[in-house]
Amino acid sequence: MWDSAFRVSTQRVTDALLHKLVLPAGGKAFEKVSAAIAVRTALGAQPSVEQSLLFLVPEATATTARHITAALLVGNYAHSMGDGQLPREEIHPLLKGDILLVTSAISACKGDLDDLRIGAYERLKDFWEVIPLSKYTKSKVDKPRVFLANPGWMLSGAASRRFGAVVIDASHPRTHDQLPDLLRVAAKCTVLRLAVAPPMNDATLRACGWPERTSIWVWDPQAMTDAQTILDHQDDEPHELGQRFLWVCDADAETGQTLALLHDKLVTTAKAAAGKPYPGLRLCWSIYNRLCQLTVPLAHLEQAASSTWAGSLRERLKELDGTQGHGDAAWDTTWPGLVDAVKSAYQTLLKREETAKFWAIASSVEAFLASANQHLRIVITSEKEAELLLHTLSQVVD
């Protein structure tokens, strides 16, 4: 078993990452193990092999990606300076260049990384420079650097750059939705790509390159408990997931079939693109995800959203008509069918006076009000949709 392999490991860097004060204090056991796995992955990375490693963490947070980033920096230093301590074949730098950490919270992440404790006395910024990618300049000091980029900067400005490693924090829903595109861009920047994300379905995993180009490591509650045993360390919080229910909303078969067809078109298109730039694909994915998440009638939401800064889905559909990619065989053969599938799904939902998800939510709210429970959280994609949902629920739930 994997936990036994860690218990009997005599590799000095792995042992230090797991049991010594060389990583930020307060990290959870599974984060320390993830850090050790990341360093071993970097040690075995080959320039000719395209491979990503995806850590799937229930209720993932940004701290895991920061822990992995710190471990790569520590591991790079240890393996570079390991003469007399490590096997000869393991004495070499792990990173050929700087690290890029993709996160949705640049300012907060920079502050946390700068003050991240490495060992008992030092901070990360004492050894490495942490700067936003948008402020890239030639380094004035002889320090390796950690660049921070939000998903938008990554997709628009990182493809022409080379990094020693790219770490993606996909714990935020917006970053999670863009993970397949982020990994495709990262493949052009580095041979070492690591990401942290909540569990996802097989279709999304395949879009991320699994199983051919992407390996996954799943941290379920039992594995997290096993990690505590390896480290002989008890985390502050027990690894128990809250009670969850999966509501299957199959009352609208036509909408389900239309969205399934659109998803198949998106996956087929992504495969045809083969990792190359494909104009309009990200926009189509964003429309699909938005349609899948609807809890209120699309017609009502479009009217309410037309005056917001984000705009309506109708405006995104208009952008599709102006997308240009002619001359590329993959684009010319797949784009017309993809656009038709997007517009068909939009028109299908536009005709609905209610969504299948609405009654699942209404039933859940009604059961909650009749119970002794005190907390219920409903996550909605926008403020306008939340207002519409609240108004509609108040009409059907006593």
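As a reminder, the structure under discussion sits directly above these lines.
Bear in mind the structure is a predicted one, so any value in this text is a computation, not a measurement.

Asker: Kindly report on the overall build of the protein, identifying the contributing residues and their values.
Answerer: When its secondary structure is counted, the protein shows 17 helices and nine strands. Scaling as 2.2 N^0.38, a compact globule of 398 residues should have a C-alpha radius of gyration of about 21 Å, and the protein matches this with 23 Å. In the protein, buried positions account for 46% of the 398 residues. For the protein, the exposed surface amounts to about 21,200 Å²; the carbon and sulfur share of it is 52%.

Asker: Provide a residue-level description of the sheet that holds strand β5 (residues 129–132), including the pertinent values.
Answerer: In spatial order, the strands read β5-β6-β2-β7-β8-β1-β9; together these seven strands make up an open sheet with parallel pairing. Two strands lie at the open edges of the sheet, namely β5 and β9 (214–218), each paired on one side alone. Between one strand and the next, the sheet's axes are offset by a mean angle of 20°, whatever the strand orientation. Sheet analysis places strand β1 (residues 51–56) next to β9, joined by five bridges and oriented parallel. From the neighbouring strand, S52 faces β9, where its bridge partner is T214. Against the sheet, helix α3 (residues 29–44) contacts β1, β8 (192–197) and β9, and its axis sits at roughly 175° relative to β1.

Asker: I'd love a proper account of the packing of aromatic side chains, names of residues and values included.
Answerer: On inspection of all chains with the given rule, the structure shows seven aromatic pairs. Residues W217 and W219 carry aromatic rings whose centres are separated by 5.9 Å and whose planes lie at 55° to one another, so their mutual orientation is tilted. The exposure class of W219 is buried, given its relative accessible area of 0%. Seen from their ring centres, W331 and W335 are 5.2 Å apart, and the 15° between their planes marks the pair as stacked. With W331 and W335 both in helix α15 (residues 329–350) and four residues apart, the pair spans about one turn of that helix. The pair formed by W331 and W335 is uniform in burial state, with each residue classed as buried. Among the aromatic residues, ring-to-ring pairing joins F30, W217 and W219 into one connected group.

Asker: Can you lay out the pattern of salt bridges for me, pointing to particular residues and giving the numbers?
Answerer: Enumeration according to the criterion identifies eight salt bridges in this entry. In this structure, the salt-bridge partner of D181 is R184, at a minimum N-O distance of 2.3 Å. Within this pair, D181 and its partner R184 are both found in helix α8 (residues 179–186), separated by three residues, close to a single helical turn. R184 shares its class with D181; the two are buried. R352 is the partner of E254 in a salt bridge, and the nearest nitrogen-oxygen pair spans 2.9 Å. Taken together, the residues E254 in helix α11 (residues 253–273) and R352 in the loop between α15 and α16 (356–369) connect sequence positions 98 residues apart. Judged by its relative accessible area of 45%, E254 falls in the partly exposed class.

Asker: If you had to explain unusual backbone geometry to someone new, which residues and values would you point to?
Answerer: The omega torsion across W210 and P211 is 5°, close enough to zero to call that bond cis. Tracing the chain through its elements places P211 in the loop between α9 (202–207) and β9. In this structure, E59 takes a positive phi of about 55° despite not being glycine. Residue E59 is classed as exposed on the basis of its relative accessible area of 51%.

Asker: So what's going on with the packing of α3 against helix α10 (residues 221–231)? Residues and values would help.
Answerer: Packing of α3 against α10 leaves a shortest axis separation of 8 Å and a crossing angle of 80°. Comparing the axis directions of α3 and α10 gives the class roughly perpendicular. Contact residues: A29, F30, K32 and V33 in α3; M224, A227, Q228 and L231 in α10. Looking at the contact of α3 with α10 residue by residue, the classes come out as six nonpolar, one polar and one charged.

Asker: Quick one: what's the story with the state of the cysteines, residue by residue and with numbers?
Answerer: Counted according to the given criterion, the structure contains zero disulfides. Sulfur of C189: no disulfide; nearest cysteine sulfur belongs to C208 and is 16 Å away.

Asker: Explain the packing of helix α12 (residues 281–292) against helix α14 (residues 313–321) to me, using residue names and the numbers behind them.
Answerer: Two elements in contact, α12 and α14, have axes whose closest approach is 10 Å; the angle formed by their N-to-C orientations is 155°. By the angle between their directions, the pair α12 and α14 is classed as roughly antiparallel. Relative to α14, α12 is oriented so that their crossing is left-handed. Along the contact surface, α12 presents L283, C284, S286, I287, R290 and L291, while α14 presents L313, R316, L317, E319 and L320. Tallied by class, the residues present in the contact of α12 with α14 amount to seven nonpolar, one polar and three charged.

Procedures and definitions
- Residues numbered from 1 in each chain as written.
- Predicted model: local features only at pLDDT ≥ 70, side-chain atom pairs only at ≥ 80, totals over all residues.
- Heavy atoms only, no water.
- Helix = DSSP H or I, 4+ residues; strand = E, 2+ residues; numbered from the N terminus.
- Rg over C-alpha atoms; globule rule 2.2 N^0.38 Å.
- Buried < 20%, exposed > 50% of the residue type's maximum accessible area, 1.4 Å probe, protein only.
- Areas by Shrake-Rupley, 256 points an atom, 1.4 Å probe, with all protein chains shown as cover.
- Pairing = 2+ DSSP bridges.
- Axes fitted to C-alpha atoms, helices over the stretch in contact; angles between N-to-C directions.
- Contact = heavy atoms within 4.5 Å.
- Phe/Tyr/Trp six-rings, centres within 6.5 Å; stacked < 30°, edge-to-face > 60°.
- Salt bridge = Lys/Arg side-chain N within 4 Å of Asp/Glu carboxyl O.
- Parallel < 35°, antiparallel > 145°, perpendicular 65-115°, else oblique.
- Nonpolar A, V, L, I, M, F, W, Y, C, P; charged D, E, K, R; others polar.
- Disulfide = S-S within 2.5 Å.
- Left-handed = near helix turned anticlockwise from the far one by under 90°.

Shape is all these values report; function is a separate question.
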